[in-house]
Amino acid sequence: MEEIIARMLTDLEEINQIPNTQSQSPLISRSTLLDFKSLLSTDDADLLSQFFDELPSKSLSPSLLTNLLSFTMDSASSCHLSLLASEVYLSLLLSPNSPVFTLFTPISFLSLLRSLRRAFKNRPLAQSEESPPSNAPRYRKRKGGGRGRGTRSNVRSSGGYSEEESDSLDIKEVFSVFEMLVSVLGLIHLDRFPDCLKSLIQTIGEIPLMAMDKFENMASFNRLMEFCSRVLSQVLRSEDGEMASTAAEVLKALSPLILMVKSQARSFALGFVTKTMMVSGKESDGIKKAVVNFPRYLAQKAPEKAEPRALAVDSIVEVVKEMDFDDQLGFIEYVLKMTQGKANLRLLGVDLITMMLMSLRDALGVDSDIKVRDYWGTRCLEALILRCSDLSAGIRARALLSLAQVVGFLSGDDRNKGVLKEVMGLGEGGEERLEGGMNCLLRKRCMDEKAVVRKAALLLVTKLTALFGGSIDGVVLKTMGMACSDPLVSIRKAAVSALSEAFRTFSDKSVAMEWLHSIPRLITDNESSIQEECENLFLELVLDRVSRAASVSFPKKGSIMSDSNLTAESLEREMELLFPEGVLVLLQGICDGEVIPWVKKICTSLGKKKRLKPKIAIALHNIINTSESLWLSHSLPIEKWTAPAGAWFLLSEVSAYLSKAMEWEFLHHHWQLLDKNGAEDKIQSPLLQGNANEGEEGIECNSVAWAGDRVFLLQTISNVSVELPAEPAADLAYNLLKRVEKFSMHSTEVNAHVKALRTLCKRKTVNLEEADQLVLKWLQLLLSKACEILEKYISDNKEANKNSSFFTPPRSGSRKGKQAATASRLLSKAVTAVYTVGSLVVACPSADVSSIVPLLYTVITSGNPDPKLNKLPGPRVSLKQTAPSLYIQAWLTMGKICLADGKLAKSYIPLFVQELEKSDCAALRNNLVVMMADFCVRYTALVDCYIAKITKCLRDPCELVRRQTFILLSRLLQRDYVKWRGVLFLRFLLCLVDESEKIRQLANFLFGNILKAKAPLLAYNSFVEAIYVLNDCHAHNGHNDSKNSRTESPLFSIRGNDERSRSKRMRIYVCLLKQMAPEHLLATFAKLCAEILAAASDGMLNIDDITGQSVLQDAFQILACKEIRASSNRGSASDTAEVEEEGGQSCASAAAAQGRAITQAVRKGLIQNTIPIFIELKRLLESMNSSLTGSLMECLRVLLKDYKNEIDDMLVADKQLQKELIYDMQKYESAKARTTAADMQNQSGYRSPYVSKANKLNQKLRSDSKVASAMADAAAEATARSVLREVNKGAMTPPLNSISMPKLKSNQTGSNAQIDRPLDVLESLRRRQCFNSDDEN
């Protein structure tokens, strides 16, 4: 050891003689440090005393030794050398009899901490010494020599590494340093060194984050975290300073770890706070105070992005859970105040309330003696409900989602349900706590303008369903149904879930009807997942409920009601008692005309996927049989019995896939029953027989239901014809043919009979060819008989018209009545025959119709006879007037024939278009529109030239025709049979302001969703043209329309300058603007200025014309409206909503930043080009004394406020122009205020004399014109100053008297003003007086 001490002293002496410069530093060599380590490891006090005693002999001192160690810790070439110096330094402090207060200095301690930081910065872990890697690279020697004695290659107990070793981290060295650091902190009190204490806490707070990526072995990392915890525990002593401030520093250092993503470092920091510091807080008030305030500090530091904020909330709640109840209440009060602060704090407060309600014990106080009304959980719920109406859409959505989450969590305990009902206004006393109740809130939020809010509200409805009690609010129910048609997929899914949950919970008829009208239609949704969900829900909530009726049997004891008071309603109630779960209501709902198409599609889809079970058919059999047995048990006539509504319809749909579950005896029995009563109806239509046979005891026969049941039964028989016996099938086919031959059925039955007859013929024959021949045989038979009947009616009608023209004396009344009855029967048969022909052509397009076409042509052209025939004597009466039903059916049948025969279609389509234009029958026009839509699909090229004529039906006086035309054309447009070109788009715009609310809703959906995705540029490209067309303006030189379009333009325009016409046009403009992206809004702004404002100032747009004035005024209103202002974060509504829902905040922020940069650049250039146009147009309007000057000034005022930054940049070089604009605005505001004051004065003249003294005083003040004028001028001056202050960005505005008059240069070029504009366009200022003119005051 003597030799080691001597060598150490020699080395230190040599190092001390090295000057400390930038090129070299006095560093202790590795060998010397190893000698120190060997000496200190002996723990021999005598040797250490000898070492310290010999230091002065070498001109050394303990303080110099400390400095050299500090230099080495800071400037060592490797982290190993730095850690070795740190270890030596700490060993010196812990050595026996060492001069601790001399060796410990703040500088050396800070060097120690820097050494620790350096060890963890980007240092890979060293391989284990026992198994060094075989492929480890050889360490190269550094070029050049080392400094001083530090270049020795002495290798002592260093594990075989040279000084030029790897810079990897040896975890054992780190653990050794930490262990000694903990021991040193037990000796040294850092209260005298606050900087050292603060730096130590910060270093320990940084090490877990730096070490997290270095340790693959969790055991080593946990041990390191244990050392960090021991270090922090050591500093939380009274000897190291004030415990409150120290604890605050520790918490501040740990807060970044707590707020980071989930990791081991975050777990360490949270564990230290919630366990170690919470325990220490029980013994120290200072630490407790710091920990109690720590959640508030975290709340202030919480990030704004969603995921980091959620982690921050979790951390805060973890800390709050460990606090005492009183401290928890204090933090809850703080959070409640946060919900009333800034937006980011309100959002964080919502998240904190949610977590606390679900994490803290007994949130609603059901186990507490405190009144529920005053409990902390109740107040938090109220604050959460209040945030559901926040101004910020993001906070509204988050509050609704949080409330849904809380309700779902707390509803698990039945004791909480009563409190939830009371707080939310769903129970007694709730209305007082929440204004309008929860139902009112849900109505508003389910119709919110923001997609995320609507989705959250629907989720809340789903969670609240169990709390609604016995019924659900009707408006909320309707709103959920409307949300099923939302353009966003996620909202449709949420609405389907909410409405289905309500249907599961409530058995009300209103809920069932709303579900049936909203959910089944989604089978045609574009999203396949929604289609699948629709099928699953229909199978669960409809078909499975119906299937449970298979086990219901008719009671043997008979009816539970007496026959004395028997009515139809009582029978229905008895049936409902037999079949619970609202089965009969469901069956009645699915046969609704609006629901039938969707139910058919769903049953077809389920059948193809083999998901229909035979139990459904068995249940429907049972329902029909039970209904019949119940009817007969009351001894009622079977002729008046009808099956429950919807039973036969559903059976006809599922029977195609469940043919083996159908029984022929069941079908045969009911066919005989229905056919027998149907045959008794003779020629009369069922529509005319509804009350023909009123039964006894209040029971009525429903012939319409009989006819419908026959149709569905025939369809069922057709579906199961393969399973029918051969002989019964042949007999049934013969009976059907005989019924069709009579031409006495209603049109609703004809199609079913023809279809069933064709299907049974195929069953009757052996092969397909024989079946086709048999079908053609009876089809030609029916066609020939139909021709005979129609020909007979036409000839009789001609003969009757001919005879009536030569009878001078009146004929007898009895003879006339018999002839009329005969003609009526013949007409009915002719109408049925013509309709049957159409059904036959649809069933067999190859049928020969050459004999019937001339007869149909005679009927449809009877209203337009040959002009030569008009010269013959005697009146001519057309079939259009005498037999309108036959006339309409003839057109319908001719349309079906044309669909089957292209040659006929080519000749007859012009006739259809001609009739569509001139017909005065709404039913016929409706049928013609449907036929033209079918022609467009089959013969697109032939119909394309008539699309403009078809669109005229969009302005038809009949609402049904308008709606039908809109729907059909919309479908053709979506399927690309019709293109958005020409006048088609402009004519569709009128549907946005149609008188019918249904058409307006359809139009809004078409433009806002379908068209926006299919043709996103259409609104932008046609916007300016739409302004001219809607105003019926032809005053523009560049808009020369054809003569034909001019004649039709009044029909598709909203001409007029009245308030009603302007508001209609503005609604259309706003709808189009909402479809545009920000760049298109800016381009539209430029197009309006260039094509309308500039055109008006250049004389191309004649503003003397009333339509030209309307166009210009519309342009001013559009430029001033908020929808045309391109916000930087505005984009596609669906895109924005999807980004919000999916949490793509980084993408959204990047897109928003890019959009802001582009928008600002374009806005600046745009406004610089616009203001000169406004100034020139303003001069023109003032010279003409036009009433449009006010609209221009209003628009200019909005631009000055909305584009104040851009205008300020433009007017920096032209302060005079800025002053002139402000002056003009002041004058306009003054005149406007003066007019308002005058109007108030005029209104006061008509008031009742019985007014208060205060009102009389106000009247006296208003009657003084000078006072009114002074008030107006003051208001105008204040307005102008405020605008100027905004433009000047807060700079003070000089008094108006100090503004000099503008100096205008004369135009010496002599050129035309329309070609070369003068440099100063404010020519009107030459005629103005000074600002203090009496005229202006």
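Residues numbered from 1 in each chain as written. Predicted model: local features only at pLDDT ≥ 70, side-chain atom pairs only at ≥ 80, totals over all residues. Heavy atoms only, no water.

## Considering the overall build of the chain
Threshold: We count a stretch as a helix when DSSP gives it H or I for four or more residues in a row; a strand needs E for two or more, and each element gets its number in order from the N terminus. The cut-offs for exposure are 20% and 50% of the maximum accessible area for each residue type, with area from a 1.4 Å probe on protein chains only; residues under the lower value are buried, those over the upper are exposed, and the others partly exposed. Residue contacts are counted whenever heavy atoms from the two residues lie within 4.5 Å of one another. Areas reported as accessible are Shrake-Rupley estimates using a 1.4 Å probe. Residue values count occlusion only from the protein chains shown.
Scanning the chain from N- to C-terminus turns up 60 helices and 0 strands. The proportion of buried residues among the 1337 residues of the chain is 49%. Sequence separation of at least 24 residues holds for 74% of the intrachain contacts in the chain that already meet a minimum separation of 6. Surface exposure of the chain reaches about 64300 Å², of which carbon and sulfur atoms provide 51%.

## Some remarks on helix α41 (residues 902–918)
Going by this rule: A helix's residues, less one, multiplied by 1.5 Å, set its expected span. Throughout this description, a polar contact denotes any pair of N or O atoms lying within 3.5 Å of each other; where both atoms belong to protein, one of them has to be capable of donating a hydrogen while the other can accept it, and for residues adjacent in sequence the pair is counted only when both atoms sit in side chains.
In this model α41 runs 25 Å from its N-terminal to its C-terminal C-alpha over 17 residues, within 8% of the 24 Å that 1.5 Å per residue would give. Within the sequence span of α41, burial applies to Leu904, Ala905, Tyr908, Ile909, Phe912, Val913, Glu915 and Leu916. The elements touched by buried residues of α41 are α38 (852–860), α39 (879–882), α40 (884–900), α42 (922–938), α43 (940–943) and α44 (947–950). Between the side-chain oxygen at the start of α41 and the backbone nitrogen of Lys903 there is a gap of 3.1 Å, and the oxygen is on Asp901.

## A word on the side chain of Ser220
By the element assignment, Ser220 lies in helix α10 (residues 218–235). Not counting chain neighbours up to four residues away, the residues in contact with Ser220 comprise Phe175 and Phe215.

## Remarks on unusual backbone geometry
If you check the backbone angles, Asp362 has positive phi at about 50° while not being a glycine. By the secondary structure assignment, Asp362 is in the loop between α16 (343–359) and α17 (376–387). By relative accessible area, which is 15% here, Asp362 ends up buried. A positive phi angle, near 55°, is found at Asp1032, a position not held by glycine. Within the secondary structure, Asp1032 sits in the loop between α49 (1023–1030) and α50 (1043–1048).

## Observations concerning the packing of aromatic side chains
To keep it simple, the criterion reads: Only the six-membered ring of Trp is used, alongside the rings of Phe and Tyr, when aromatic pairs are assigned; centres must lie within 6.5 Å, and planes under 30 degrees apart are stacked while those over 60 apart are edge-to-face, with the rest tilted. Two limits define a charge over a ring: the Lys NZ or Arg CZ must be within 6 Å of the ring centre, and within 35 degrees of the ring normal.
Evaluated as defined, the whole model comprises 22 aromatic pairs. Between Phe294 and Tyr297, the ring centres sit 6.5 Å apart and the planes meet at 20°, which makes this aromatic pair stacked. Within this pair, Phe294 and its partner Tyr297 are both found in helix α13 (residues 285–301), separated by 3 residues, close to a single helical turn. Note on Tyr297: relative accessible area 28%, which makes it partly exposed. Connected via pairs of aromatic rings, a cluster forms that spans Tyr887, Trp891, Phe912, Phe935 and Tyr939. If you follow Arg545 out to its NZ or CZ, it ends over the ring of Phe503, 4.5 Å from the centre. Sitting above the plane of the Tyr835 ring, Lys896 keeps its charged end 4.7 Å from the centroid.

## A few points about α42
At 3.6 residues per turn, the α-helix brings residues three or four places apart onto the same side. Here α42 is 17 residues long and its end C-alpha atoms lie 24 Å apart, about the 24 Å a rise of 1.5 Å per residue gives. Along α42, the positions that sit buried rather than exposed are Leu924, Arg925, Asn926, Leu928, Val929, Met931, Met932, Ala933, Phe935 and Cys936. The elements touched by buried residues of α42 are α40, α41, α43, α44 and α45 (959–974).

## Focus: the pattern of salt bridges
Stated formally: Whenever Lys or Arg places a side-chain nitrogen within 4 Å of a carboxyl oxygen from Asp or Glu, that contact is recorded as a salt bridge.
Applying the stated criterion across every chain, the model contains 35 salt bridges. Where Arg117 meets Glu206, a salt bridge forms, and the shortest distance between an N and an O atom there is 3.0 Å. Here Arg117, found in helix α7 (residues 106–120), pairs with Glu206, found in helix α9 (residues 194–211); they are 89 residues apart in sequence, far enough to count as distant. Its relative accessible area of 34% is what places Glu206 among the partly exposed residues. In this structure, the salt-bridge partner of Arg1065 is Asp1114, at a minimum N-O distance of 2.7 Å. Placement of the pair is Arg1065 in helix α51 (residues 1059–1073) and Asp1114 in helix α53 (residues 1106–1120), with a sequence separation of 49 residues. A relative accessible area of 0% means that Arg1065 is categorised as buried. Here the residues in one salt-bridge network are Arg309, Asp351 and Arg398, joined through shared partners.

## Section: the confidence of the model for the chain
Rules: A residue's pLDDT is the confidence the predictor assigns to it, expressed on a 0 to 100 scale.
With 75% of its residues at a pLDDT of 70 or more, the chain has an overall mean of 77. Highest mean pLDDT in the chain belongs to α42 (93); lowest belongs to helix α54 (residues 1133–1142) (39). Overall, residues 1244–1267 carries pLDDT values under 50, and its contacts beyond four positions in sequence, including any with other chains, amount to 10 contacts. Under a pLDDT of 50 for its full length, residues 1296–1337 has, in the predicted model, 62 contacts with residues more than four places off or in other chains.

## Overview of the environment of Gln202
Relative to the helices and strands, Gln202 resides in helix α9. Discounting residues that sit within four places of it in the chain, Gln202 has contacts with Arg117 and Ala253.

## Description of the packing of α49 against α51
This is how it is decided: Between N-to-C directions, angles span 0 to 180 degrees; the directions come from axes that are lines fitted to C-alpha atoms, helices contributing only their stretch in contact. Comment on the angle field: the value is read as roughly parallel under 35 degrees, roughly antiparallel over 145, roughly perpendicular from 65 to 115, and oblique elsewhere. Each residue gets one of three labels, nonpolar for Ala, Val, Leu, Ile, Met, Phe, Trp, Tyr, Cys and Pro, charged for Asp, Glu, Lys and Arg, and polar for the others, Gly among them.
Taken N-terminus to C-terminus, the directions of α49 and α51 make an angle of 170°; their axes are 11 Å apart at the nearest point. In terms of orientation, α49 and α51 fall into the roughly antiparallel class. For the pair α49 and α51, the contacting residues are Phe1023, Ile1027 and Leu1030 in the first and Arg1065, Ile1068, Tyr1069, Leu1072 and Leu1073 in the second. Here the contact of α49 with α51 is built from residues that sort into 7 nonpolar, no polar and 1 charged.

## With respect to the environment of Asp324
Counting through the fold element by element, Asp324 comes out in the loop between α14 (306–321) and α15 (325–338). Expressed as a C-alpha distance, the spacing of Asp324 and Val292, which sit 32 residues apart in the sequence, is 9.2 Å.

## Regarding the side chain of Asp362
Note the threshold: In this tally, Asp and Glu contribute negative charge and Lys and Arg positive charge; neither His nor the terminal groups of the chain are included.
In this structure Asp362 is buried but unpaired, with Arg361 as the nearest side chain of opposite charge at 5.3 Å. With sequence-adjacent residues up to four places away left out, Asp362 is seen in contact with Asp367, Ser368, Tyr375 and Trp376.

## A few points about the nonpolar core
Put simply, the rule reads: Here the nonpolar core consists of buried residues drawn from Ala, Val, Leu, Ile, Met, Phe, Trp, Tyr and Cys, with membership extended through side-chain atoms lying within 4.5 Å.
Among the nonpolar cores identified, the biggest contains 400 residues, and Phe51, Phe178, Ile1092 and Leu1093 are the most heavily contacted of them. The leading source of residues in this core is helix α36 (residues 768–804), at 11 residues. With residues up to four places along the chain from it excluded, the contact list for Phe178 reads Leu116, Phe120, Ile204, Ile207, Leu224, Phe227, Cys228 and Val231.

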